[in-house]
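Each chain is listed here by its residues.
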Amino acid sequence: MITLSLPSPAQPLLPSSSKTLNPSRQNIIPSSDSRKNPNFEPFKNSLIRQLDVGHLRHAISNLDLMTQQNAPPDLTTYSIILKSCIRFRNFQLGKLVHRKLIQSRLELDSVVLNTLISLYSKCGDVDTARSVFRGNGK
């Protein structure tokens, strides 16, 4: 018989004074965008619901609406939409989202850059994928 020994659970890194906090709220850290505009999270959640049911065009039109309502999309939102474009194999809409992302002037992170490289590689545009790789998303 083989006996497995599991390591002891990790100890929380919270100071002892944090024990007075409501336990259900301890791990909730609002994103910077949700603190700026209370409309950001509802827009983002609506966009995600649209993508879940396959309404890619509606979700992308939500990007413009978010900007008009002073709740501009963040990198996570762009990444989710780009990945959905890849999943639905709608590369033209993915390229449109990439143009909107460039217009947003957000500083791209590695997740978005990898998603863009994946988008262009899967649609057969290896030159643009290489350009994104070398030029950080341009």
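These numbers come from a predicted model, not from an experiment.

Definitions and cut-offs
- Residue numbers here run from 1 along each chain, matching the order of that chain's written sequence.
- Given that the model is predicted, a residue must reach a pLDDT of at least 70 before its local features are reported, and side-chain atom pairs must reach 80 or more before they are shown or counted; all residues, however, enter totals for whole chains, interfaces and linings.
- The side-chain values count all of the structure's non-hydrogen atoms but skip hydrogen atoms and water molecules.
- Residue-level confidence of the predictor is summarised by pLDDT, bounded by 0 at the bottom and 100 at the top.
- The helix count covers DSSP runs of H or I at least four residues long, the strand count covers runs of E at least two residues long, and both are numbered beginning at the N terminus.
- It only takes one pair of heavy atoms within 4.5 Å for two residues to be counted as in contact.
- The span expected for a helix works out to 1.5 Å for each residue beyond the first.
- Between Lys or Arg on one side and Asp or Glu on the other, a salt bridge is scored when a side-chain nitrogen of the former is within 4 Å of a carboxyl oxygen of the latter.
- Burial classification: accessible surface area is computed with a 1.4 Å probe over protein chains only, and a residue below 20% of its type maximum counts as buried, one above 50% as exposed, and the rest as partly exposed.
- We define the nonpolar core as a collection of buried residues of types Ala, Val, Leu, Ile, Met, Phe, Trp, Tyr and Cys that are connected through side-chain atoms lying within 4.5 Å of one another.

Engineer: Could you clarify how one ought to interpret the confidence of the model for the protein chain in this entry?
Structural biologist: Low-pLDDT portions of the prediction should not be read for the details of their coordinates. For the protein chain, per-residue confidence averages 79 on the pLDDT scale, and residues scoring 70 or more make up 72% of the total. The secondary-structure element of the protein chain with the lowest mean pLDDT is helix α1 (residues 32–36), recorded at 48, while helix α6 (residues 110–122) shows the highest, at 96. The low-confidence segment residues 3–35 (pLDDT under 50) makes eleven contacts with residues lying over four places distant or belonging to another chain.

Engineer: Looking at this structure, how should I read helix α5 (residues 91–104)?
Structural biologist: The α-helix winds at 3.6 residues per turn, so residues separated by three or four positions along the chain end up facing the same way. In a regular helix each residue adds 1.5 Å, so 14 residues correspond to 20 Å; α5 covers 20 Å between its end C-alpha atoms and thus fits that length. Where the residues of α5 are buried, they touch α3 (56–68), α4 (75–87), α6 and α7 (126–135). R105 sits one or two positions beyond α5 and adopts a positive phi of about 65 degrees.

Engineer: Can you help me understand the pattern of salt bridges in this one?
Structural biologist: Side chains that differ in charge, positive against negative, can pair when their charged atoms come close. This structure, assessed with the given rule, holds three salt bridges. Note that D74 and K44 form a salt bridge whose closest N and O atoms lie 3.7 Å from each other. Highlighted residues: D74 in the loop between α3 and α4 and K44 in helix α2 (residues 40–52), separated in sequence by 30 residues. Look at K44 and you get buried, because its relative accessible area is 13%. For R130, the salt bridge identified is with D127, shortest N-O distance 3.5 Å.

Engineer: Just checking my understanding: could you explain the nonpolar core for this structure?
Structural biologist: General note: in soluble globular proteins, nonpolar side chains tend to be found buried as a group. Among the nonpolar cores identified, the biggest contains 29 residues, and I60, I81, L101 and L116 are the most heavily contacted of them. For this core, the secondary-structure elements that each account for two or more residues are α2, α3, α4, α5, α6 and α7.

Engineer: What's the story with the environment of T115 in this structure? I'm lost.
Structural biologist: Counting through the fold element by element, T115 comes out in helix α6. The spacing of T115 and I80 is 35 residues in sequence and 9.3 Å in space, taken between C-alpha atoms. Excluding residues that lie within four positions of it along the chain, T115 makes contacts with S79, L82, K83 and I86.

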